Amino acid sequence: MKVFTLKKRRDFLKAASELKAVVNGVVVQAAFTLPDNNNEDICFVGYTATKKLGKAHIRNRVKRRLRAAAQNVLPLNAVAGAKYVLIGRHNTADLNFAYLVKKLTEAIKDINSQINMKNEAK
RNA sequence: CAAGACGGCCGGACAGCCGCACCGCAGCAUGACUGCGGCGAGGAAAGUCCGGGCAUCGGGGGAACAAGGCACCGGAUAACGUCCGGCUGGGGAGACCCAAGGGAAAGUGCCACAGAAAUAUACCGCCGAAGAUUCUUCGGUAAGGUUGAAAAGGCGAGGUAAGAGCUCACCGCGGCGGUGGUAACAUCGCCGGUCCAGGUAAACCCUGUCUGAUGCAAGACCAAGUUAGGGGCGUUAAGGUGUAUUUGCUCUUUUAUAAAGUAAAUGCAAACCAAACGAUACGGAGUGUUCCUCCUCCGCUCCAGAGGUAGGUCGCGACGAGCCGUUUAGCAAUAAACGGCCAAGAUGAAUGGCUGUCGGUUUGGGCUUGCCCAAAUUACAGAACCCGGCUUAUAGGCCGUCUUGUUUU
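Residues numbered from 1 in each chain as written. Chains lettered and ligands numbered in written order. Predicted model: local features only at pLDDT ≥ 70, side-chain atom pairs only at ≥ 80, totals over all residues. Heavy atoms only, no water.

### Here's the deal with the packing of aromatic side chains
For any pair of aromatic rings, the description consists of the separation of the ring centres together with the inter-plane angle of the planes. Under the defined criterion, the tally for this structure stands at 0 aromatic pairs. Sitting above the plane of the Y47 ring, R67 keeps its charged end 5.3 Å from the centroid. (Phe/Tyr/Trp six-rings, centres within 6.5 Å; stacked < 30°, edge-to-face > 60°. Lys NZ or Arg CZ within 6 Å of the ring centre and 35° of its normal.)

### Overview of the protein's contact with RNA strand B
Lining the immediate environment of RNA strand B, one finds 20 residues, of which L6, F12, T48, H57 and R65 sit closest. Sugar and phosphate atoms represent 58% of those atoms of RNA strand B found within 4 Å of the protein. Here N60 contributes a side-chain N or O atom positioned 3.4 Å from a sugar or linking oxygen of RNA strand B. Within the contact set of RNA strand B, a base nitrogen lies 2.9 Å away from a side-chain nitrogen or oxygen of R64. Among the elements of the structure, β1 (2-5), α1 (9-17), β4 (42-48) and α2 (56-77) are those that each provide at least two residues to the surface near RNA strand B. It is α2 that provides the largest number of residues to the surface near RNA strand B, a total of 9 residues. The residue inventory of the surface near RNA strand B, partitioned by class, reads 8 nonpolar, 5 polar and 7 charged. (Near = heavy atom within 4 Å. Polar contact = N/O pair within 3.5 Å; in protein donor to acceptor, adjacent residues only side chain to side chain. Helix = DSSP H or I, 4+ residues; strand = E, 2+ residues; numbered from the N terminus. Nonpolar A, V, L, I, M, F, W, Y, C, P; charged D, E, K, R; others polar.)

### Things to note about the pattern of salt bridges
Within the structure shown, the criterion is met by 1 salt bridge. The partner of K103 in a salt bridge is E106, and the shortest N-O contact between them spans 3.5 Å. With K103 and E106 both in helix α3 (residues 97-121), this residue pair falls 3 residues apart, about one helical turn. The class for E106 is partly exposed, based on a relative accessible area of 37%. (Salt bridge = Lys/Arg side-chain N within 4 Å of Asp/Glu carboxyl O. Buried < 20%, exposed > 50% of the residue type's maximum accessible area, 1.4 Å probe, protein only.)

### Regarding the side chain of N112
Take N112: it is sitting in helix α3. A polar side-chain atom of N112 sits 2.8 Å from a polar atom in the side chain of Y84.

### Observations regarding α2
Compared with an ideal rise of 1.5 Å per residue, which puts 22 residues at 32 Å, α2 spans 31 Å between its outermost C-alpha atoms and is within 8% of the ideal. Of all the bends in α2, the largest measures some 35° and sits at A70. (Expected span 1.5 Å × (residues − 1). Bend = angle between axes of the 7 residues up to and from the residue.)

### Comments concerning the nonpolar core
Within the largest apolar cluster, 31 residues are counted, with the highest numbers of intra-cluster contacts made by V28, L74, Y84, L86, L104, I108 and I111. Those elements that place two or more of their residues in this core are β2 (19-23), β3 (26-32), β4, α2, β5 (82-88) and α3. Filtering out sequence-adjacent residues up to four positions away, I108 remains in contact with V28, V73, L74, N77 and Y84. Residues L6, A15, A31 and V85 belong to the second largest nonpolar core, which totals 6 residues. (Core = buried A, V, L, I, M, F, W, Y, C linked by side-chain atoms within 4.5 Å. Contact = heavy atoms within 4.5 Å.)

Encoded structure:
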């Protein structure tokens, strides 16, 4: 599974309007579109750190830790065609890294089950 | 050795695993590709407070006004509100530090409370005279007391009824002159006793001086979708043009006609022009009517892709008021010469994540007194067009110069 980075504002807005899962350390939002035949092995991820978290160097650190955690989690657990948005929380910069990875895995699995339910409903 | 002043510098190191942006090279599977190599945050990158470069807009040149900044003197600089060296005032035992430091006799405002009185005065006093009997009235005085941040020069002597720049010396203040200094200013001499006179201009204000506006989200280029736009054919209304006739008028020539020009009316035209800016008609809307106002104004077909949005490329990477070193000039800021160097470039925004070892600091314990062990802690903070400054944040550490005190020689 290949992971690419979201860069367009409209992708973030779409993810915010569809699915959501909250755990200690991170909030995950997601949107889902059926993948093209050419790109079955692709998912997308974007990172957000608001000014509430702190000054610039703190927000940068939050995004880097989320990026490092996503590298451990997404290639194994992501659903093709999904667009995940990871939002940093007040304690993301300070949490133990292994714990953060574990929590992120829980959140991604939660989102994936929501995606499956939605697909079955269709 | 202790306490302190000033200036400069550093602001973790190494290893392992897994990664990121950009650049270069190579590969073929030619892409949201793979591999290798290079390179990758700060002293403040921060605040966005000044000064510039650069860009666009405006502007013929100059002046004035408004608004805002600045304000002892000289120098440095591309420039500055920055820096350097001085001066003056203030603080400190000293090294040294602090100052928004022009004008208060151009004008206006404000100066609480207290106090008799704050641009003016006499409460208590002191002195004299008169009355009277220990008080009253009149006058003199501002040395003493009281209030206050401040009582109108200070201090000493003379003087006097008591006093007073009333007089004198010194200091201060003002004026003139000499000397030193580029200057701010310093210093010396002479003169001045109604020496008339507080503070505040980070209050208005006055004087001098500087400033065009907007900031890389500037700006330049490419440019989806969509629209504006252009051509052809057909249809015909008002209108224009043309032409014919009649009538009037004008000019030239003339006896007159003719001819020419021009205006109006009428007729003709399947000859041509004319299609939306305006006007007219029809239609619609605004209260039934009128006026007025507004809106709409043919059909078919072909071409085209302007401007600009999304998006992209450039601007944009130390070729520059560049950085490092040496020498020379200068007290210094800095300048010149010579030699060397080319160093991050993202844009939902790379420069990292995790682990271990070693450091630094603090605390506790052990003793062999400078080592060992344990725990905690290891800052402020992340480039965003680029430079010069300022300001603010900052765990901990290093170096140099100087001052004061103590001890020893």
